[in-house]
Amino acid sequence: MAITSLLFHSPKPFQHSKPIHNPNRKSFLAKPPTCILKPNNKTSSPCEDHKLQWKEELKIAHGSDRNLENIDKDDAFFQECIDRRAVDNVRMLIVDAVQNAKTGHPGMALGMAEVGYHLYRHVMRYNPKNPKWFNRDRFVLSAGHGCLLQMISVEFDIEDLKQLCKLGSRTPGHPENTITDGIEVTTGPLGQGVANAVGLALAEAHLSARFNKPDAVVVDHRTFCIMGDGCAMEGISNEAASLAAHWKLNKLVVIYDDNKNTIDGATTLAFSEDVSARFKALGWNTINVENETSNPALSPLPGEDGPTHQPVEHLCGLRAIPRMLVFRPADGNETAGAYRVAIRNREAPSVIALSRQKVLANLEGTSSDGVEAGGYIVSDNSGDGGLPEIILIGTGSELCLCEASAEELRNEGRGVRVVSLVCWRLFDAQSKEYKEYVLPRNVRKRVSVEAGSPVGWREYVGEDGVVHGVDSFGASGAYLDVFKKFGYTVETVVKIARSLLQCE
Ligand SMILES: Cc1ncc(C[n+]2csc(CCOP(=O)(O)OP(=O)(O)O)c2C)c(N)n1
Ligand SMILES: [Mg+2]
């Protein structure tokens, strides 16, 4: 596997970036990291009884090609042995954590274990005991799906790793700077981390130019970033890299994990450009490094990725684009209907927003024809001509939730209508009569259920209704746990409906 290191070259340092001896400066220095892998004293290891002597372990790890008797005297060799052992440990921790969580994406983390270890152990000025120390070197994992690499490198507890990808844990499915100490930037959208790293490097350049004095260098750190094939494909990384070169951000290092694989398979499917040459053309110094680690077979076990992959604002943003048709189909019937409308429509673009989670193939009551009206009645037990007591309005996978909640309310004797509002713009274009037929003005008790921003829903639920939306950034965890946290359960929807039904 080739790694391309993209080190912006400008050997000329910024004016004051060279450390200048100053006794006061000591206060800014962090203790060097001692050991990245923190032994856990709390839990007794099952291997305790079989613990080998340190030298014996090294013999097994490195064969008997070197005389280990003099290991204490050969510092360089001793360090090399420790490094190899530590990298092996990092790899095993990654494998164990993924195995235990039954989720995650170990490929990148395994392939870059050595690089990550060396960065944190030997290159970066970083103290896991003091991750907020101001003048620390910064690290951004643009390929955020390889989060384990970073989590194992910053201070962690083995118990945290056991909680990988679980709701509320310090080890979510992607790096989250608001959750885990030592994570500089939340990453997930590929390429974006490169832009964040450029931002951090720019901040450093600005602050050092602004505040450093010949006798007091208070800002002097580097920024490291690991990007993957997916980041290289994204335009944002190129734009940011161009800006970095233009600004001569010479303390920024980007390491490109050129493992030639993505989720979809080999990069040859869609990507064959010479990324090194491209960065060179932008003005970067590029170095190709062969990584002896063989390309690990990627075993993506797609998990719940967390806030960066739960863009709650996108639906409402897309719906705001003039003329565009945004469909959020609930099942096969509605997807077919949305596809038909989209293909036929030559006047405007369409977006069909589909779910990653499992949904029923087809719900009773949905129809592809109904989609053409943008909104329609999926079910109603209030009888011929009668109006329901309450209307539950859903889209996409939440329509199923509305149906299940309606069933429970109907069992309690309530008259409940379920409406699918699969495409707002198409519904808005319907006649007054049709809209009145689907959402009668006299039925003021309405609940909208959509796992996204509440913006825009008020128009459909009216003044007295309840908009059940998400107005925070989501969470990392198994999707059912996340749904529960945000109240996307039959229990919560029924509770909301009951509270509306009770007030006259
Ligand atoms: C902008 C964006 N699009 C799609 C995804 C979904 N995604 C997560 S990982 C991945 C593949 C990444 O491939 P690569 O960068 O080569 O990393 P590797 O699999 O080699 O670790 C994709 C497409 C994403 N995170 N961000
Ligand atoms: Mg890759």
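In this report, the structure presented in the accompanying data block is examined. (Residues numbered from 1 in each chain as written. Chains lettered and ligands numbered in written order. Predicted model: local features only at pLDDT ≥ 70, side-chain atom pairs only at ≥ 80, totals over all residues.)

Looking only at helices and strands, one finds 19 helices and 14 strands in the protein chain. Of all intrachain contacts in the protein chain linking residues separated by at least 6 positions in sequence, the fraction that spans at least 24 positions is 76%. (Helix = DSSP H or I, 4+ residues; strand = E, 2+ residues; numbered from the N terminus. Contact = placed C-beta atoms within 7 Å.)

Right, let's talk about the site of ligand 1 for a bit. Residues in contact with ligand 1 amount to 18 residues; listed here are only the nearest, Met108, Gly228, Asp229, Gly230 and Thr262. Listed by contribution, the elements that provide at least two residues to the shell around ligand 1 are α3 (106-111), α8 (229-233) and β5 (261-262). Ranked by residue count, the leading element in the shell around ligand 1 is α8, at three residues. Across the shell around ligand 1, the residue classes break down as seven nonpolar, nine polar and two charged. (Near = placed C-beta within 6 Å. Nonpolar A, V, L, I, M, F, W, Y, C, P; charged D, E, K, R; others polar.)

Moving on: the sheet that holds strand β13 (residues 446-449). Two orientations exist for strands paired in a sheet by backbone hydrogen bonds: parallel and antiparallel. Spatial strand order, β10-β12-β11-β13-β14: five strands in an open sheet with mixed pairing. Looking at strand neighbours, the two that pair on one side only are β10 (376-380) and β14 (466-468), the edges of this open sheet. Shown here is a sheet whose adjacent strand axes are inclined to one another by a mean of 20 degrees, direction ignored. Judged from the three bridges that link them, β13 and β14 form a sheet pairing that is parallel. The residue bridging Val449 from the neighbouring strand is His468, located in β14. (Pairing = 2+ DSSP bridges. Axes fitted to C-alpha atoms, helices over the stretch in contact; angles between N-to-C directions.)

The next point concerns the pairing of strand β3 (residues 223-228). The buried fraction of β3 is high, at six of six residues. Of the two faces of β3, the one lined by Thr223, Cys225 and Met227 and the one lined by Phe224, Ile226 and Gly228 are each fully buried. Strand direction decides the pairing type here: strand β2 (residues 138-141) and β3, joined by four bridges, are parallel. Within the sheet, the bridge partner assigned to Arg138 lies in β3 and is Thr223. Sheet topology note: the β3/strand β4 (residues 252-258) ladder contains six bridges and is parallel. The residue of β4 that forms the bridge with Gly228 is Asp257. (Buried ≥ 20, exposed ≤ 12 C-beta atoms within 10 Å, placed from the backbone.)

Moving on, we get to the nonpolar core. Counting residues in each nonpolar core, the largest one holds 57 residues, and the members touching the most others are Ile94, Val194, Ala197, Val198, Met227 and Val254. The biggest single contributor to this core is helix α7 (residues 192-211), with seven residues. Membership of the second largest hydrophobic core comes to 45 residues, among which are Leu363, Ala373, Ala406 and Val422. (Core = buried A, V, L, I, M, F, W, Y, C linked by C-beta atoms within 7 Å.)

This paragraph deals with unusual backbone geometry. For residues other than glycine, phi is negative in most cases, and the peptide bonds are mostly trans. Positive phi values are uncommon outside glycine, yet Cys165 reaches one of about 70 degrees. By secondary structure assignment, the location of Cys165 is in the loop between α6 (158-162) and α7. Backbone geometry places Lys248, a non-glycine residue, at a positive phi of 55 degrees. With respect to the helices and strands, Lys248 occurs in the loop between α9 (235-247) and β4. A tally of 15 C-beta atoms within 10 Å means that Lys248 is categorised as partly exposed.

Burial runs high along helix α4 (residues 113-123): eight of the eleven residues are buried. Of the positions making up α4, those classed as buried are Ala113, Glu114, Val115, Gly116, Tyr117, Leu119, Tyr120 and Arg121.

With 20 residues, α7 should cover 28 Å at 1.5 Å per step; its first-to-last C-alpha distance of 28 Å lies within 8% of that length. By the burial criterion, the buried members of α7 are Gln192, Gly193, Val194, Ala195, Asn196, Ala197, Val198, Leu200, Ala201, Glu204, Ala205 and Ser208. The inward-facing, buried residues of α7 abut β2, β3, α8, α9 and β4. (Expected span 1.5 Å × (residues − 1).)

In this fold, Val416 is placed in strand β12 (residues 416-420). Residue Val416 is classed as buried on the basis of its 25 C-beta neighbours within 10 Å. Setting aside residues no more than four positions away along its own chain, Val416 makes contact with Asn381, Pro388, Glu389, Ile390, Leu392, Ala406, Leu409 and Arg410.

Turning our attention to the packing of helix α2 (residues 75-101) against α4. Their axes nearest at 9 Å, the elements α2 and α4 cross at an angle of 120 degrees. The pairing of α2 with α4 is recorded here as oblique in orientation. Here the hand of the crossing between α2 and α4 comes out right-handed. For the pair formed by α2 and α4, the contact residues are Ala86, Val87, Val90, Arg91 and Ile94 on the first element and Ala113, Glu114 and Tyr117 on the second. Broken down by class, the residue content of the contact of α2 with α4 amounts to six nonpolar, no polar and two charged. (Parallel < 35°, antiparallel > 145°, perpendicular 65-115°, else oblique. Left-handed = near helix turned anticlockwise from the far one by under 90°.)

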